[in-house]
Amino acid sequence: MAIRPILKMGTPSLMERSRELSTDKFGSAELMSLLQDMKETMIDARGAGLAAPQIGENVRVVIFEVRENPRYPGVLVPFTVLINPVITPLSDQLVEGWEGCLSVPGLRGAVQRYDHIHYTGFDAQGNPIDRTVQGFHARVVQHECDHLDGVLYPMRMKDMSKFGFTDILFPHLAPYDDD
């Protein structure tokens, strides 16, 4: 298990669509090792989530979790491994919110996302996941799953005047500006 380097915006592989993880990989030592590396890397980087492509693995695997975090006060999202996800918006309502990304370090931007979604996929053992969520949980899932399609949040921004360095936009978050 290891903390892996996080690829940054501009790396060509981050712009590719990831391949589905084969069902014969569920529960495998290879998958468990990848997930452990992803978790250690996400924790070390103080991220809310991480997609496998961000560490150079072009498979449809994401993890996310938000516990006590000064960047997201009052927000709790349970640790989740989500493999081969499918997202379905449950309304047309989009909500603008600030996002950062471990592959776009030190920057934040305002992105419109669906506020209420249903998502499905599988856990590490191949057990189905079926959840309906809204708010920040929905935002995190959409952000992480975008990575699986080669999309980084700046590509979704409508107003580039709401894009800048975290330490300038949010000086109180400066110690956490590396996401």
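The following refers to the structure shown. (Residues numbered from 1 in each chain as written. Predicted model: local features only at pLDDT ≥ 70, side-chain atom pairs only at ≥ 80, totals over all residues. Heavy atoms only, no water.)

A complete count under the given rule lists four aromatic pairs for this structure. Relative to Phe 122, the ring of Phe 26 has its centre 5.5 Å away and its plane inclined at 45 degrees; by these criteria the two rings are tilted. In this pair, Phe 26 is assigned in the segment before α1 (29-45) and Phe 122 in strand β6 (residues 116-122), connecting sequence segments 96 residues apart. We classify Phe 122 as partly exposed; its relative accessible area is 30%. For the pair Trp 98 and Phe 170, a centre-to-centre distance of 5.1 Å together with 85 degrees between the ring planes defines the contact as edge-to-face. Here Trp 98, found in strand β4 (residues 94-101), pairs with Phe 170, found in the segment after α3 (166-169); they are 72 residues apart in sequence, far enough to count as distant. Judged by relative accessible area, Trp 98 falls into the partly exposed class, the value being 36%. Seen from the ring of Phe 79, Lys 39 lies directly overhead, with NZ or CZ sitting 4.3 Å from the centre. (Phe/Tyr/Trp six-rings, centres within 6.5 Å; stacked < 30°, edge-to-face > 60°. Helix = DSSP H or I, 4+ residues; strand = E, 2+ residues; numbered from the N terminus. Buried < 20%, exposed > 50% of the residue type's maximum accessible area, 1.4 Å probe, protein only. Lys NZ or Arg CZ within 6 Å of the ring centre and 35° of its normal.)

Time to look at the nonpolar core. Among the nonpolar cores identified, the biggest contains 19 residues, and Leu 31, Leu 35, Met 38 and Val 61 are the most heavily contacted of them. Of all the elements in the fold, those that place two or more residues in this core are α1, β2 (61-66) and β3 (77-89). The leading source of residues in this core is α1, at six residues. If we ignore the near neighbours within four places in the chain, the residues touching Val 61 are Leu 21, Leu 35, Met 38, Leu 50, Ala 51, Ala 52, Pro 53, Leu 82, Ile 83 and Leu 148. (Core = buried A, V, L, I, M, F, W, Y, C linked by side-chain atoms within 4.5 Å. Contact = heavy atoms within 4.5 Å.)

So, on to the sheet that holds β4. Read from one edge to the other, the open sheet built from three strands follows the order β4-β5-β8, with strand pairing classed as antiparallel. Only two strands of the sheet have a single partner each, and these edge strands are β4 and β8 (163-165). Here the average twist between neighbouring strands, direction ignored, is 25 degrees. Where β4 lies against strand β5 (residues 104-114), seven bridges are found, and the strand directions are antiparallel. Each residue of the ladder has a partner; that of Cys 101, found in β5, is Val 104. (Pairing = 2+ DSSP bridges. Axes fitted to C-alpha atoms, helices over the stretch in contact; angles between N-to-C directions.)

So, to be careful, I would describe these as geometric facts and stop short of saying anything about function.
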